[in-house]
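Listed below, chain by chain, are the residues.
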Number of protein chains: 2
Amino acid sequence: MSEGDGLSYRDAGVDLDAADRAKHALKELVSRTRDENTLSEMGLFGGLYALPEKMERPVLVSSADGVGTKLKLAFLTGTHHTVGQDLVNHCVNDILVQGAVPLFFLDYLATGRMEEGVVTQVVQGVAQACLENGCALLGGETAEMPDFYSSGEYDLAGFITGVVERERILDGSRVRPGDALIALGSSGLHTNGFSLARKIVFEAMGLGVEDLIPGLEKTVAEALLAIHRSYSASLRPLLDSNRLHALAHVTGGGIPGNLPRVLGDGQGASVDTGSWEVPPLFQVLQGGGKVAHEEMYRVFNMGVGMIVIAPPDDADSVANDLAAAGETSWILGEVREGGGVELV
Amino acid sequence: MSEGDGLSYRDAGVDLDAADRAKHALKELVSRTRDENTLSEMGLFGGLYALPEKMERPVLVSSADGVGTKLKLAFLTGTHHTVGQDLVNHCVNDILVQGAVPLFFLDYLATGRMEEGVVTQVVQGVAQACLENGCALLGGETAEMPDFYSSGEYDLAGFITGVVERERILDGSRVRPGDALIALGSSGLHTNGFSLARKIVFEAMGLGVEDLIPGLEKTVAEALLAIHRSYSASLRPLLDSNRLHALAHVTGGGIPGNLPRVLGDGQGASVDTGSWEVPPLFQVLQGGGKVAHEEMYRVFNMGVGMIVIAPPDDADSVANDLAAAGETSWILGEVREGGGVELV
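What you see is a predicted model; the values in this text were computed from it and never measured. (Residues numbered from 1 in each chain as written. Chains lettered and ligands numbered in written order. Predicted model: local features only at pLDDT ≥ 70, side-chain atom pairs only at ≥ 80, totals over all residues. Heavy atoms only, no water.)

Looking now at the overall build of chain A. In terms of regular secondary structure, chain A is built from eleven helices and eleven strands. Computed over its C-alpha atoms, the radius of gyration of chain A comes to 22 Å, within 12% of the 20 Å expected for a compact globule of 344 residues. Principal-axis analysis of the C-alpha atoms places the extent of chain A at approximately 75 × 55 × 35 Å. For chain A, the share of sequence-separated contacts (at least 6 apart) that also reach a separation of at least 24 residues comes to 81%. If you sum the accessible surface of chain A, you get close to 12500 Å²; carbon and sulfur atoms cover 46% of it. Computed over 25 positive and 47 negative side-chain charges, the separation of the two mean positions in chain A equals 2 Å. (Helix = DSSP H or I, 4+ residues; strand = E, 2+ residues; numbered from the N terminus. Rg over C-alpha atoms; globule rule 2.2 N^0.38 Å. Contact = heavy atoms within 4.5 Å. Areas by Shrake-Rupley, 256 points an atom, 1.4 Å probe, with all protein chains shown as cover. Lys, Arg positive; Asp, Glu negative; His and termini not counted. Charge placed at Lys NZ, Arg CZ, Asp CG, Glu CD.)

Quick look at the structure:
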């Protein structure tokens, strides 16, 4: 209690001074992500970002996302910078698939009690990924919400805005039957399926975070916290040269849930599940949880983080260029007439 | 358990079908907020929004925010549309203070178990406030995170992007000593101080949500859930005619925490606490929690939702115009040389 027997905000679990200190520590991190279009310093009510000049018909592309229950792995391990990177990379991929270049990012971090070290780690990861993706960390909100989050827990959401020339928007309208599907390998689960993965690993298999996963030379923590990849650097040259018909980011819903989002009415796709070897982590999860084959493909990315749709005569060349950019890429299947995504 | 004894995503607490149904129900709500610049339908990875044409040097203004523990009142009362409105109005005010017109909004809603009725109510409120503020609900993320949020609880964050001509940005640089501070009345607590307010009302005063607050003709629920006001409609004409020097949205930190955000180096302000009668709700909270005077002004808005800074010779006219627009407005004090915000 402060000042006699009266109640204060701190008594109610909110420490405005700690919040101020955390903000100060973040200022340096955030300022590293500034670019020539970032007009505001941190601390204003809204962040200011000048639209890049020399655009003909700029269209803004924006997306909101979270990290989901992958955060539980961060809580268990005390590793908080990777989820910050997951968040940014996820958002970057979500606007990349419409052809957009990221401009700026804002984060929302809500916690029961402001722990400066944790907040700083998370924002370090966010800022690092913003730098890597060439996008300014323009602002954010760090909320202290006592009685809301369990001790040591937090939720994390991100918002990204990018820009694309109107005639360069990828919205699926260019996709034609016969187009090739080209897969880009994922780095792990990315940010989807963690509620099921945790249930399998911790309950059905009885493992701890530091235990080795049977058959993998990785601990549970290493395998499950692998950072969601950004495909921006690899795909940007292909987008700039206008060679792609569409992109699908494989997130919640897996390949069958996300591929249809860029297919036209009456279009379907045939995905050749024999075209790649599902990474061991997914095989371990399937076996450990006795998960049905279809459910696996609906919940997890199964090793495919992004699907590129390109004209059939350019498909091999696109796949080669992606491989040269350091991606694991292969021809995954093709677009067909007739609805549905078929796993063959 | 589904399909024999294998685990499914539903067993892990995530119901993708319920999520799909909720998305379908939201589609109609969201589509009502579309305007001529909204290029995307819901369901794409990112929302598409064409930048308004005929701007000279457009600067994007963006802000992220949450509703904080005001959400607990929504949980207690089962009223979920007002917090959606709180969220949008809060975000609109946060970019309005830099002079920006809102373009689009995205929400992040995270819950332990997807309850369609609750999600729909929240998004109804968000969509309604987007309509009222002339901004498109461009997208959002609804995350089901079992083991994360208590049953019936959720968190809610919002992200807004607006635009302002570069030479019309309000960033505090126009503020001069002698400028007048003009207050705009708040509708209640808006979205700040709820952790302390709940502790006072429910613990120190022992009230329930449906109890009348002593001295007010309102229940706890009515008084505390009063919707955060948007000042956009009232302030837009003054912004368009370039009559204002700055605006400060009174959020977390109260008047002394927010006014300095738009004051220059070496500038302070004198706030005449005798210039208005603090609304009864704040007086009840102060008495009920025996909260120190300064703490009250640091945690709550005390009846002042927005502070307008205008040249002294235009101050009465600005206040009159705001009153004519339906605002409660009065001269609150003035900008001074010398640091600090003094409550006199």
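Residue and element names in this part refer to chain A. Burial within strand S6 (residues 180-185) is extensive, with six of its six residues counted as buried. Going residue by residue along S6, you find Ala-180, Ile-182 and Leu-184 tucked away on one face and Leu-181, Ala-183 and Gly-185 tucked away on the opposite face as well. Pairing between S6 and strand S10 (residues 329-337): five bridges, direction antiparallel. In the sheet register, Leu-184 faces S10, and the bridge partner there is Ser-329. (Buried < 20%, exposed > 50% of the residue type's maximum accessible area, 1.4 Å probe, protein only. Pairing = 2+ DSSP bridges.)

Right, let's get into the interface of chain A and chain B. Residue-level contacts link 83 residues of chain A with 83 residues of chain B. The largest contributions to the chain A side of the interface with chain B come from A:Leu7, A:Phe45 and A:Phe148, which together make up 14% of the buried area. Along the contact surface separating chain A from chain B lie two salt bridges. Linking chain A with chain B are 21 residue pairs in polar contact (both at pLDDT 80 or more), by the criterion used here. No other element matches strand S2 (residues 58-66) of chain A, which puts nine residues into the side of chain A that touches chain B. Looking at the side of chain A that touches chain B residue by residue, the class counts come to 46 nonpolar, 18 polar and 19 charged. Sheet topology places strand S1 (residues 47-50) of chain A next to strand S2 (residues 58-66) of chain B; four bridges connect them, and they run antiparallel. Within S2(B), the residue paired with A:Gly47 across the bridge is B:Ser62. (Buried area = accessible area lost by both parts, 1.4 Å probe. Salt bridge = Lys/Arg side-chain N within 4 Å of Asp/Glu carboxyl O. Polar contact = N/O pair within 3.5 Å; in protein donor to acceptor, adjacent residues only side chain to side chain. Nonpolar A, V, L, I, M, F, W, Y, C, P; charged D, E, K, R; others polar.)

Before going further, it helps to spend a moment on the packing of helix H3 (residues 81-96) of chain A against helix H4 (residues 116-132) of chain A. All names here are of chain A. Contact geometry of H3 with H4 gives a least axis separation of 6 Å together with a crossing angle of 40°. Compared by their axis directions, H3 and H4 come out oblique. In the packing of H3 onto H4, the handedness of the crossing is right-handed. Contacts from His-81, Gly-84, Gln-85, Val-88 and Asn-89 of H3 reach H4 at Gln-121, Val-122, Gly-125, Val-126, Gln-128, Ala-129, Cys-130 and Glu-132. Grouping the amino acids of the contact of H3 with H4 by side-chain chemistry returns five nonpolar, seven polar and one charged. (Axes fitted to C-alpha atoms, helices over the stretch in contact; angles between N-to-C directions. Parallel < 35°, antiparallel > 145°, perpendicular 65-115°, else oblique. Left-handed = near helix turned anticlockwise from the far one by under 90°.)

Within the largest apolar cluster, 109 residues are counted, with the highest numbers of intra-cluster contacts made by A:Phe105, A:Tyr154, B:Phe105 and B:Tyr154. Among all residues touching B:Tyr154, those that are not within four sequence positions of it are A:Phe148, B:Leu71, B:Ala74, B:Phe75, B:His80, B:Val83, B:Leu109, B:Ala110, B:Thr111, B:Val118, B:Val122 and B:Tyr149. (Core = buried A, V, L, I, M, F, W, Y, C linked by side-chain atoms within 4.5 Å.)

Right, let's talk about the sheet that holds strand S9 (residues 304-310) of chain A for a bit. All names here are of chain A. With respect to topology, six strands assemble into an open sheet ordered S7-S9-S6-S10-S8-S11, the strand pairing being mixed. Here the strands that pair on one side only, and so sit at the sheet edges, are strand S7 (246-249) and strand S11 (340-343). Averaged over all pairs of adjacent strands, the angle between their axes in this sheet comes to 25°, without regard to strand direction. Where S6 lies against S9, six bridges are found, and the strand directions are antiparallel. Each residue of the ladder has a partner; that of Ala-180, found in S9, is Ala-310. The sheet contacts of H3 involve S7 and S9, and relative to S7 the element is tilted by about 150°. Across the sheet, helix H11 (residues 315-324) is in contact with S6, S9 and S10; its angle to S6 comes to roughly 10°.

Another point: the side chain of A:Thr38. All names here are of chain A. With respect to the helices and strands, Thr-38 occurs in the loop between helix H1 (16-31) and S1. Of the residues examined, Thr-38 reaches a relative accessible area of 8% and is grouped as buried. A polar contact of 3.0 Å, which involves the side chain of Thr-38, links it to the side chain of Asp-35. Every residue in contact with Thr-38, bar those within four places of it in the chain, is listed here: Leu-48, Tyr-49, Ala-136 and Leu-138.

Attention now goes to the sheet that holds strand S4 (residues 136-144) of chain A. Judged by pairing direction, the sheet is mixed, and its five strands sit side by side in the order S4(A)-S3(A)-S5(A)-S2(A)-S1(B) without closing on themselves. Edge positions in the sheet fall to S4 of chain A together with strand S1 (47-50) of chain B, since each has one partner strand and no second. Strand-to-strand twist of the sheet, defined as the mean angle between neighbouring strand axes without regard to direction, takes the value 20°. Judged from the nine bridges that link them, S2(A) and strand S5 (residues 154-165) of chain A form a sheet pairing that is antiparallel. Counterpart to A:Val61 in the pairing with S5(A) is A:Gly162.

Residue and element names in this part refer to chain B. Within the fold, Gly-152 resides in the loop between strand S4 (136-144) and strand S5 (154-165). Judged by relative accessible area, Gly-152 falls into the partly exposed class, the value being 36%. Look past the residues within four positions of Gly-152 in its chain and what remains in contact with it is Phe-75 and Glu-115.

Turning next to the pattern of salt bridges. Using the criterion set out here, one finds 18 salt bridges over all chains in the structure. Across the pair B:Arg198 and A:Asp147 runs a salt bridge, and its minimum N-O distance is 3.6 Å. One end of the pair, B:Arg198, is in helix H5 (residues 194-204); the other, A:Asp147, is in the loop between S4 and S5, on a second chain. Classification of B:Arg198 by relative accessible area gives buried; the value is 11%. When the shortest N-O distance is used, the salt bridge between B:Glu342 and B:Arg336 registers 2.8 Å. For B:Glu342, a relative accessible area of 38% puts it in the partly exposed group. Salt bridges here are not isolated pairs; linked through shared partners, they connect A:Arg243, A:Asp314 and A:Asp321.

You'll often see interface size given as the accessible area lost when the parts meet. Residue and element names in this part refer to chain A. Considered domain by domain, chain A is made up of domain 1 (3-168) and domain 2 (180-343). Computed from C-alpha coordinates alone, the two centres of domain 1 and domain 2 are separated by 26 Å. Each side of the interface is counted separately: domain 1 has 24 residues, and domain 2 has 28 residues. At the surface where domain 1 touches domain 2, the tally comes to zero salt bridges. At the level of secondary structure, the elements contributing two or more residues to the side of domain 1 that touches domain 2 comprise helix H2 (71-77) and H3. (Domains from an automatic or database assignment.)

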